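The lines below spell out each chain.
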2 protein chains.
Amino acid sequence: MTVPDEERIARATISIVTEPGDVRCLGLTRELGGVRFLEVLREQPDLRPEFVAAAGRLATAEPERVLEDAARRGIRFVVPGDDEWPASLDDLAGAGMLHARGDVPAGLWVRGPLRIDRLGPAVAVVGSRSSTSYGDEIAGDLAAVLCAAGRTVISGAAYGVDYAAHRGAVAADGRTVAVLACGVDRPYPLAHRPMLEHLGQHHAVVSEAPPGSAPLRIRFLARNRLIAALTRGTVVVEAALRSGALNTASWADRLHRTVMGVPGPVTSAASAGVHELIRAGGASLVTDGEDVLELLGAAGEHLLDVRRAPEAPRDRLTLRARQVLDAVPVSRPASAASVARVAGLGAEEVEHLLHTLAVDGHVERLPSGWRLGEEARSTIEQ
Amino acid sequence: MTVPDEERIARATISIVTEPGDVRCLGLTRELGGVRFLEVLREQPDLRPEFVAAAGRLATAEPERVLEDAARRGIRFVVPGDDEWPASLDDLAGAGMLHARGDVPAGLWVRGPLRIDRLGPAVAVVGSRSSTSYGDEIAGDLAAVLCAAGRTVISGAAYGVDYAAHRGAVAADGRTVAVLACGVDRPYPLAHRPMLEHLGQHHAVVSEAPPGSAPLRIRFLARNRLIAALTRGTVVVEAALRSGALNTASWADRLHRTVMGVPGPVTSAASAGVHELIRAGGASLVTDGEDVLELLGAAGEHLLDVRRAPEAPRDRLTLRARQVLDAVPVSRPASAASVARVAGLGAEEVEHLLHTLAVDGHVERLPSGWRLGEEARSTIEQ
């Protein structure tokens, strides 16, 4: 099935004349189709206050030129109905509030060889722009582990956690996608031009806004819903109490995706937003890629056991031997008889077990009696 | 109501001849009373295998001498029925498994002026013995905040988190209680002798084991249940995957107390046990004393708002002004006309609002047009 040129051009026009995530325009585009919505816009520009601005821009919009120009620079415009359209974006239908942005985009401008309908199970790794080295390290490791497990890592190419996530994915030779608030041809932030170039050549850079669009605050908010929608789950690595990453997390929650958060020192403001998210039940605590894979894995897949410490020597002892060991003093040595009394076992049996325990250093015999061996003394549970 | 000497002496005897947390002996003591249980022990020492050891020690037990000796050294033996008996300990009735220790102690040996029936709402602050400076700092601050709010801080006087908690409580001039696995007259660990002396003189040091008892592993496990039972909630500050603090936490959970955990860097092994506890739903994440007070507070008391960042300048703007601000480019300046188009508002109104916004530095006017002011640029949510 292919999309008629007329519809693709209509949607390009809508992408040009409306702001990303304009719920009124996008909602009608979804319901009526691009061609029909444009007719509404031309015929009744004042049907809704939100239409006035968009209608005002129709005159100057040059969708064919923009599409050709984009194609020449290796940028394609993917719309619903295309084979490459990611079905996951349709979950945005009807989602969003007037000022929060929302709904299904009219189309996505894509740069790069990666087909966005073939990302497989993708995971968003987002977080603070002013991250700490701790956050960068965690984000990079997380992305690498997820990629090694065949997941695609999606983020926003921003400073800090976003950048670390993309870099970790690239380093692990995995798949990664940057979803931008500005045009896919605009290197923003400028310092990330080399990375964005690399992603554009080997992975994918995506935006709802047409090429040339500037980064505006509303576009970041609109962009966050796409990151959430394109993924099965969002991991927040460091986020201050007021952080856009939390906006992405709330989108993920609204879209019934899994929301995860990586804790950090409670003394770090960069983790305060994540802790609040977990504290309020808005996110599951994850400590590494395995935790994330477990939460996102299909039933039975990647199920983690409860973490256990490595087996301690005493675990290998018989119950009897443990009962004796538990009755041996930590510091001041005691006679075999007193150990037997405490353990509630026969003196002979205890005498025998103590000698066996001494062989592996569980206990040590001093002139004044028996006491725990050094290792046991140091692993006393208290 | 006073407890007959005969019963007190019987319970002292039981405390001397049985191990702390011996569920069989303590269960019967609770059901029959101390006097009657001792008769059983004398008459049918082989009624249960667990009785043999205890019965064997009856001959050498000298409860009167131990009680007098203790009294001379300022140590009292508090038993059920005494005014000073903490009702919260009765929650241990029937709790515990044969080898996990459990049930209500026959009595508690107490040193110090603090009455253990008047601790008010108490909180356990426990954690790793091999804590990091991070854990020590958190534990100390937590204890100080809890004490400042009138809570009593209870811990185990161990190295690391326990010590930091007691110290924080003392520094805050609050109430704190050390529950020991050995006799209250034994400075263990030896390095904590000065602190234990201080607690014995100004607060309270408590143990289920009679004076002179050595620290044994089973006694630590039995001790942990008392820390959990004496408190409304247990906060775990740093715990490796194999840590006794988790044993205290599971006791708190079994006793329907609130279990809380303070997260830390996921790269820190000292926090792995806490993260696992939170991950598995066994503990609520807390970041400071306020969180703890909120979780433990009576309904309506100490209810925290969701944490918010300080109000940002844009929060004080009208919706209209925000719409304009949201449409101003972050980096490359734009004309008022283009801002008006993006915002979907009239050119004149936007022109006016831009100048107003410029006054407070929300936007700045460059020769080439308008762009976000420095502060707004730096707080863009992405």
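Residues numbered from 1 in each chain as written. Chains lettered and ligands numbered in written order. Predicted model: local features only at pLDDT ≥ 70, side-chain atom pairs only at ≥ 80, totals over all residues. Heavy atoms only, no water.

For strand S12 (residues 363-366) of chain A and strand S13 (residues 369-372) of chain A, the ladder comprises four bridges, and the chain directions are antiparallel. Within the sheet, the bridge partner assigned to Arg365(A) lies in S13(A) and is Trp370(A). (Pairing = 2+ DSSP bridges. Helix = DSSP H or I, 4+ residues; strand = E, 2+ residues; numbered from the N terminus.)

With that out of the way, let us pick up the sheet that holds strand S9 (residues 233-237) of chain A. Residues and elements named next belong to chain A. An order of S1-S4-S8-S7-S6-S5-S9-S10-S11 is seen for the nine strands of this open sheet, with the pairing classed as mixed. The open sheet has two edge strands, strand S1 (75-78) and strand S11 (284-285), and neither has a second partner. Bridging between strand S5 (residues 122-127) and S9 involves five bridges; their strand directions are parallel. Bridge assignment links Val125 to a residue of S9, and that residue is Val235. Its contacts with the sheet place helix H6 (residues 133-148) against S5, strand S6 (152-155), strand S7 (175-180), S9 and strand S10 (258-262), and it is angled at close to 155 degrees to S9. (Contact = heavy atoms within 4.5 Å. Axes fitted to C-alpha atoms, helices over the stretch in contact; angles between N-to-C directions.)

Before going further, it helps to spend a moment on the sheet that holds strand S10 (residues 258-262) of chain B. All names here are of chain B. Ordered in space as S1-S4-S8-S7-S6-S5-S9-S10-S11, the nine strands form an open sheet in which the pairing is mixed. In the strand order of this sheet, the two ends are held by strand S1 (75-78) and strand S11 (284-285), each with one partner. Relative to strand S8 (residues 204-207), strand S4 (residues 108-111) runs antiparallel, the two being bridged by three bridges. Paired with Trp109 across the two strands is Ser207, which belongs to S8. Packed on one face of the sheet, helix H12 (residues 289-296) meets strand S5 (122-127), strand S9 (233-237), S10 and S11 and runs near 165 degrees to S10.

This part covers helix H4 (residues 49-58) of chain A. Every buried residue of H4(A) is accounted for by Phe51(A), Ala53(A), Ala54(A), Ala55(A), Arg57(A) and Leu58(A). Along its buried surface, H4(A) packs onto helix H1 (5-17), helix H2 (23-32) and helix H3 (34-43) of chain A together with helix H14 (336-343) of chain B. (Buried < 20%, exposed > 50% of the residue type's maximum accessible area, 1.4 Å probe, protein only.)

Further remarks concern the confidence of the model for chain A. Of the residues in chain A, 93% reach a pLDDT of 70 or more, and the chain-wide mean stands at 90. Both scores are available for the predicted complex, with the pTM at 0.80 and the ipTM at 0.76. (pLDDT = per-residue confidence, 0-100.)

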